[in-house]
Amino acid sequence: MTVPVFLFYFFAALAVLSALGVVANVRNTVAAAMSLVITMVSLAVIYLLLEAHLVAAIQIMVYAGAIVVLFLFVVMLLNLRSDDFPPARQRLSKLAGALLGVFALAEFLRRSGSLPAAPPLPEGFGGYRTLGIALYTDYILLVEMASLLLTAAIVGALILAKRKID
Amino acid sequence: MIPLDHVIGLSAILFTIGVVGVVTRRNVIVILMSIELMLNAVNLAFVGGNRLWPTGPAGVSYDGQVFVLMVITVAAAEVAVGLGIVISMFRNRDSVNIDDVSLLKW
């Protein structure tokens, strides 16, 4: 087992464990948000191992840096006491979730090994320069649409945050 | 070389954990976090797919990674609006329990 493969399995296990920590942590929302940070960072490491360098950097900046901080900000702003936390739903939906998990795992094991090995990559694949050039030439319409979406989200968040909607 | 079917398998496991979180939890903030988990699982599948098929008809193709960037944009917008909704819900109902807001439920 080479070093990248070992790193992949290590961070995959870390991502799964911390994702379970997000979902299974019933008492403490701050701890759930911190588990979410660990998931995001280990996924960023896996992106690096998959030669997606720009995506890994943006994953850390946007997800671990902005989105989870926003979650933490709201959790601390609302100042929830632990008795404010509603209990999780009862047996039936947990059973459905377990069945779904078993199905996903079985399907994964059945299909395991059916994908071909990854081909060798051209020079600079997934780097800032090549991906940036692709973004601002072939995908320029997508970038414009993303800016429009973010503007709409800013306006929506501002309207929602107003105390009285008049 | 990283086995790509295991990347897809990790993506499936993370997505399942996210679905279970959305279905079983009642705290709105944790439900939003589980949605983030699901979006991340999809991102992982996209990056793995781009690693497996790095070339398109016109040379090197970045379709998967560009899609991931768009998903991250949508996730940022969704969290901004979603947490705004959570704050106004807490202001009006004094609760973050999803069962307390059932006005639109049949």
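Residues numbered from 1 in each chain as written. Chains lettered and ligands numbered in written order. Predicted model: local features only at pLDDT ≥ 70, side-chain atom pairs only at ≥ 80, totals over all residues.

(A) Examining the overall build of chain B more closely. The secondary structure content of chain B amounts to 3 helices and 2 strands. Each helix and strand of chain B, ordered N terminal to C terminal, gives the series α-α-β-β-α. Against the 2.2 N^0.38 benchmark of 13 Å for 106 residues, chain B shows a C-alpha radius of gyration of 18 Å, more extended than a compact globule. Dimensions of chain B along its principal axes, counting C-alpha atoms only, are 55 × 25 × 25 Å. (Helix = DSSP H or I, 4+ residues; strand = E, 2+ residues; numbered from the N terminus. Rg over C-alpha atoms; globule rule 2.2 N^0.38 Å.)

(B) Quick peek at the interface of chain A and chain B. Counting residues at the interface gives 72 residues for chain A and 59 residues for chain B. Secondary-structure elements contributing two or more residues to the side of chain A that touches chain B are helix H1 (3-24), helix H2 (29-49), helix H3 (53-78), helix H4 (91-111), helix H5 (128-137) and helix H6 (140-161) of chain A. Taken together, the residues of the side of chain A that touches chain B sort by class into 57 nonpolar, 10 polar and 5 charged. (Contact = placed C-beta atoms within 7 Å. Nonpolar A, V, L, I, M, F, W, Y, C, P; charged D, E, K, R; others polar.)

(C) Main features of the domain arrangement of chain A. All names here are of chain A. When its domains are assigned, chain A resolves into domain 1 (1-81) and domain 2 (124-166). Taking the mean C-alpha position of each, domain 1 and domain 2 sit 22 Å from one another. Counting residues at the interface gives 4 residues for domain 1, matched by 5 residues for domain 2. Its residues placed into classes, the side of domain 1 that touches domain 2 shows 2 nonpolar, 1 polar and 1 charged. (Domains from an automatic or database assignment.)

(D) Highlighting the packing of helix H1 (residues 4-24) of chain B against helix H2 (residues 28-52) of chain B. Residues and elements named next belong to chain B. One can describe the packing of H1 onto H2 by two numbers: an axis separation of 8 Å at closest approach and a directional angle of 165 degrees. In terms of axis orientation, H1 runs roughly antiparallel to H2. Note on packing geometry: the crossing formed by H1 with H2 is left-handed. Here the residues of the contact of H1 with H2 sort into 18 nonpolar, 6 polar and 1 charged. (Axes fitted to C-alpha atoms, helices over the stretch in contact; angles between N-to-C directions. Parallel < 35°, antiparallel > 145°, perpendicular 65-115°, else oblique. Left-handed = near helix turned anticlockwise from the far one by under 90°.)

(E) Representation of the nonpolar core in the model. A:Tyr47, A:Val55, B:Leu14, B:Ile29, B:Met33 and B:Leu44 are the most contacted members of the largest nonpolar core, which totals 65 residues. For this core, the element with the most residues is H2(B), which contributes 12 residues. Each residue touching A:Tyr47, except ones within four places of it in the same chain, is listed here: A:Ala52, A:Val55, A:Ala56, A:Gln59 and B:Val47. (Core = buried A, V, L, I, M, F, W, Y, C linked by C-beta atoms within 7 Å. Buried ≥ 20, exposed ≤ 12 C-beta atoms within 10 Å, placed from the backbone.)

(F) Quick peek at helix H3 (residues 63-93) of chain B. For H3(B), which comprises 31 residues, the first-to-last C-alpha distance of 43 Å matches the rise-based estimate of 45 Å (1.5 Å per residue) to within 8%. B:Asp94 occupies a position one or two residues after H3(B) and carries a positive phi of about 60 degrees. (Expected span 1.5 Å × (residues − 1).)

(G) Summary view of unusual backbone geometry. The backbone phi angle of A:Glu51 is positive, close to 65 degrees, even though this residue is not glycine. The topology assignment puts A:Glu51 in the loop between H2 and H3. In this structure A:Glu51 comes out as buried when scored by C-beta crowding, with 20 C-beta atoms within 10 Å. Phi at B:Asp94 takes a positive value of approximately 60 degrees, unusual for a residue other than glycine. Assignment of secondary structure puts B:Asp94 in the segment after H3.

(H) Just the environment of B:Leu39, in detail. Residue and element names in this part refer to chain B. Summarising the element assignment, Leu 39 is placed in helix H2. Taking the number of C-beta atoms within 10 Å as the measure of exposure, Leu 39 has 22 and is therefore buried. The spacing of Leu 39 and Val 68 is 29 residues in sequence and 9.3 Å in space, taken between C-alpha atoms.

(I) View of the environment of B:Val22. Residues and elements named next belong to chain B. Counting through the fold element by element, Val 22 comes out in helix H1. Placed 27 residues apart in sequence, Val 22 and Gly 49 show a C-alpha to C-alpha distance of 26 Å. What Val 22 contacts, discounting residues up to four positions off in sequence, is Ile 31, Ser 34 and Ile 35.

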